[in-house]
Amino acid sequence: MPDPNCKICGGTGMVCLDVPTSDPRFGKPYPCKCMEKEYLSRKSQKLRKLSGIKSASSLTFDSFHPERCRGNKRAMAALKIALERWSERPKGWIILEGPYGCGKTHLAYACANKMLDLKMGVHIASMPDLLKTLKDGIGDDKNDLSSRLDLMAQCSVLIIDDLGVEKATEWSRESIFLIFNTRYHNRLPMLITTNEPLDSPNSNIDPRIRSRLSEGANTKNSFCRYNKIECEDYRPFKEEE
Ligand SMILES: Nc1ncnc2c1ncn2[C@@H]1O[C@H](COP(=O)(O)OP(=O)(O)OP(=O)(O)O)[C@@H](O)[C@H]1O
Ligand SMILES: [Mg+2]
Ligand SMILES: [Zn+2]
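Fair warning: this is a prediction, and the values are worked out from it, not measured in the lab. (Residues numbered from 1 in each chain as written. Chains lettered and ligands numbered in written order. Predicted model: local features only at pLDDT ≥ 70, side-chain atom pairs only at ≥ 80, totals over all residues.)

### Notes on the environment of Asn204
Now for step 1: As for its position among the elements, Asn204 is in the loop between strand 6 (190-194) and helix 7 (207-213).
Now for step 2: When residues no more than four places from it in sequence are discounted, the contact partners of Asn204 are Gly164, Ala168 and Glu196. (Helix = DSSP H or I, 4+ residues; strand = E, 2+ residues; numbered from the N terminus. Contact = placed C-beta atoms within 7 Å.)

Set out below in structure tokens:
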């Protein structure tokens, strides 16, 4: 809806551009500036709806304090900076591996929230929730399974929290593989958190996925960047804010 009090278009939402008569745009109606705001807010509402973040989240970079981490605080400060940068220009895959309560979910949501602020298309979910979304659809939008798979496989950025905790069925294995493999081939950015070291002998993670996650692990400018968080559980030290 245009702004009824708009001084530029007088509430019609359309304007003619101030261009010479020889300009091909001369005399044609274009959306007014007051529609732009509406368009942006509609876009950000849509992105938020598809993002998997239900309400305003407190899990942001501002509320993540590396100096309070129960381990190597300098490494965590560097990781926070790297993740903030990655959120501004996401490229490649980032893996955050670490024990319970070390801050993986917090950092993953901080990235997603920052991307939403920058109006980037991002979807974040825990692996079990992602599989549930694949089965049931998002919100009221009960589109078919293949277009939901497309969303996961092709959205600009996908953030998966807790890879490896999902119940492995034939269907979940194949769906997860399809998502990872499509994103791998198209070089689409992703952030993955997990409790499981990738080389764990009794890993719950599909070996085909572990192989893709370890690409370039021993090189400098690799597609995947593996971050092992070696902090203890923060939860017992958490204060209400
Ligand atoms: N450095 C930190 N600054 C502020 N809050 C933190 C920090 N680290 C962790 N927290 C808080 O501690 C709690 C546990 O962190 P989080 O949920 O991110 O852990 P996790 O690594 O995902 O654990 P799990 O493996 O159990 O899922 C959260 O409420 C989070 O906001
Ligand atoms: Mg977590
Ligand atoms: Zn206007």
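### Quick look at helix 2 (residues 73-88)
Now for step 1: Taking 1.5 Å per residue as the helical rise, helix 2 with its 16 residues ought to reach 22 Å, and the 23 Å between its terminal C-alpha atoms agrees with that figure.
Now for step 2: Residues of helix 2 that are buried sit in contact with helix 3 (104-117) and strand 7 (224-228). (Expected span 1.5 Å × (residues − 1).)

### Brief notes about the site of ligand 1
Now for step 1: Taken together, the neighbourhood of ligand 1 is formed by 19 residues, with Gly103, Lys104, Thr105, His106 and Tyr234 sitting nearest.
Now for step 2: A class-by-class count of the residues in the shell around ligand 1 yields seven nonpolar, eight polar and four charged. (Near = placed C-beta within 6 Å. Nonpolar A, V, L, I, M, F, W, Y, C, P; charged D, E, K, R; others polar.)

### Quick notes on the pairing of strand 6
Now for step 1: With five of five residues buried, strand 6 is to be regarded as a mostly interior element.
Now for step 2: With five bridges connecting them, strand 3 (residues 93-97) and strand 6 associate as parallel partners. Among the inter-strand pairings, Trp93 is bridged to a residue of strand 6, identified as Met190.
Now for step 3: Summarising the sheet, strand 5 (residues 157-161) and strand 6 pair through three bridges and their orientation is parallel. Counted as the bridge partner of Leu158 is Met190 from strand 6.
Now for step 4: Where the polypeptide runs from strand 5 across helix 6 (residues 170-185) and back to strand 6, its parallel neighbour, the crossover connection is right-handed. (Buried ≥ 20, exposed ≤ 12 C-beta atoms within 10 Å, placed from the backbone. Pairing = 2+ DSSP bridges. Right-handed = clockwise from strand over helix to strand, strands pointing away.)

### Details of helix 6
Now for step 1: Between its first and last C-alpha, helix 6 extends 22 Å over 16 residues, near the 22 Å set by a 1.5 Å rise per residue.
Now for step 2: Listed in full, the buried residues belonging to helix 6 are Ser175, Ile176, Ile179, Phe180 and Arg183. Buried residues in helix 6, looked at end-on, bunch into an arc of 125 degrees, giving them a common side. Exposed positions of helix 6 whose direction lies more than 90 degrees from the buried face are Glu170, Trp171, Glu174 and His185.
Now for step 3: For helix 6, the secondary structure elements touched by its buried residues are helix 4 (127-136), helix 5 (145-154), strand 5, strand 6 and helix 7.
Now for step 4: One or two positions beyond helix 6, positive phi appears at Arg187, with a value near 55 degrees. (Arc of directions from axis to C-beta.)

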